[in-house]
Amino acid sequence: GAVVSQHPSWVICKSGTSVKIECRSLDFQATTMFWYRQFPKQSLMLMATSNEGSKATYEQGVEKDKFLINHASLTLSTLTVTSAHPEDSSFYICNPADRVGYGYTFGSGTRLTVV
Amino acid sequence: QKEVEQDPGPLSVPEGAIVSLNCTYSNSAFQYFMWYRQYSRKGPELLMYTYSSGNKEDGRFTAQVDKSSKYISLFIRDSQPSDSATYLCAMSGTGFQKLVFGTGTRLLVSP
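Cut-offs applied
- Residues numbered from 1 in each chain as written.
- Chains lettered and ligands numbered in written order.
- Predicted model: local features only at pLDDT ≥ 70, side-chain atom pairs only at ≥ 80, totals over all residues.
- Heavy atoms only, no water.
- Patch = residues over 30% accessible without salt bridge, like charges linked within 9 Å, V, L, I, M, F, W, Y side chains within 5 Å.
- Areas by Shrake-Rupley, 256 points an atom, 1.4 Å probe, with all protein chains shown as cover.
- Salt bridge = Lys/Arg side-chain N within 4 Å of Asp/Glu carboxyl O.
- Helix = DSSP H or I, 4+ residues; strand = E, 2+ residues; numbered from the N terminus.
- Buried < 20%, exposed > 50% of the residue type's maximum accessible area, 1.4 Å probe, protein only.
- Pairing = 2+ DSSP bridges.
- Disulfide = S-S within 2.5 Å.
- Contact = heavy atoms within 4.5 Å.

### Details of a nonpolar patch on the surface
All names here are of chain A.
Working step 1: Taken together, the side chains of Trp10, Ile12 and Val115 present a nonpolar region at the surface, about 370 Å² in accessible area.
Working step 2: For Trp10, the position within the fold is in strand β2 (residues 10-13).
Working step 3: Classification of Trp10 by relative accessible area gives exposed; the value is 59%.

### Here's the deal with the pairing of strand β11 (residues 105-110) of chain B
All names here are of chain B.
Working step 1: Across the two faces of β11 the burial differs, with Thr105, Leu107 and Val109 buried and Arg106, Leu108 and Ser110 not buried at all.
Working step 2: In the sheet, strand β2 (residues 11-14) pairs with β11 via four bridges, with the strands oriented parallel. Looking at the pairing, Leu11 lines up with Leu107 of β11.
Working step 3: Alignment of strand β9 (residues 85-92) against β11, held across three bridges, turns out to be antiparallel. The residue bridging Tyr87 from the neighbouring strand is Thr105, located in β11.

### Some points on the state of the cysteines
All names here are of chain A.
Working step 1: Counted under the stated rule, the structure contains two disulfides over all chains.
Working step 2: Through a disulfide, Cys23 is tied to Cys94; the S-S separation comes to 1.9 Å. Residues Cys23 and Cys94 are joined through a disulfide that is right-handed, its torsion about the S-S bond being 70 degrees. Taken as a pair, Cys23 in strand β3 (residues 19-25) and Cys94 in strand β9 (residues 90-97) lie far apart in primary sequence, 71 residues in all.

### Quick word on the sheet that holds β2 of chain A
Residues and elements named next belong to chain A.
Working step 1: On the basis of which strands lie adjacent, the open sheet formed by six strands has the order β2-β10-β9-β4-β5-β6 and mixed pairing. Each edge of the open sheet carries a strand with a single partner, namely β2 and β6 (57-58).
Working step 2: Both strand β4 (residues 32-38) and β9 contribute to a ladder of seven bridges, which runs antiparallel. Its bridge partner being in β9, Arg37 is matched across the sheet by Tyr92.

### Observations concerning the environment of Ala17 of chain B
Working step 1: When you line up the elements, Ala17 of chain B lands in the loop between β2 and β3 (19-25).
Working step 2: When sequence neighbours within four positions are dropped, the list of residues in contact with Ala17 of chain B reads Ile76, Arg77, Asp78 and Ser79 of chain B.

### A few points about the pairing of strand β7 (residues 61-66) of chain B
Moving residue by residue along a regular strand, the side chains alternate between the two faces of the sheet.
Residue and element names in this part refer to chain B.
Working step 1: Where strand β6 (residues 54-58) meets β7, five bridges bridge the pair, whose relative direction is antiparallel. Among the inter-strand pairings, Gly54 is bridged to a residue of β7, identified as Val65.
Working step 2: For β7 and strand β8 (residues 71-76), the ladder comprises six bridges, and the chain directions are antiparallel. Bridged to Phe61 within β8 is Ile76.

Structure follows, in structure tokens:
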């Protein structure tokens, strides 16, 4: 089965700083990466979709300049939360997929707390 | 109206009970249906994956899809306290597309 590694599992940062979250697909090549956000007691909401080597596509209401996504390789994608504010505190989860359909394994998530 | 509706619960059952979890959806284009289990502060874990209508069984878990009614179910037999978690249904259209999730049902299985 697909193996996905996401780091860090939790991070606390000061308001105004930036945080980078890494997601790696360890045993398959992720041509597509989905990034989700989950607020407490709510479901997963898609933030953005990126294809390897291309710019990410953001869902309505998600600021592309705040949430920078880099998908430069088939095994690594990063999400950088820039100028973080307390309202960005959430659980961020990656979901890599390949062309064949491996897309049902999620990362373990990153809990971001902005103080 | 949300694309996927799911009762948030909580659903409390005694150990050994049969659990029924359900989702309804409105988009007839959905072809792929998944059930995920999510423990607190963890990423979702894929439990069952079904394409189109029909039933699928894996151990204590059975997934059913009724596309004519736009209704999917997950049954858990002989429920265990370790099954206590939030169960999310998810679905997507033809080919691999983004997943649309239900809100999740919190299940509590008491010893």
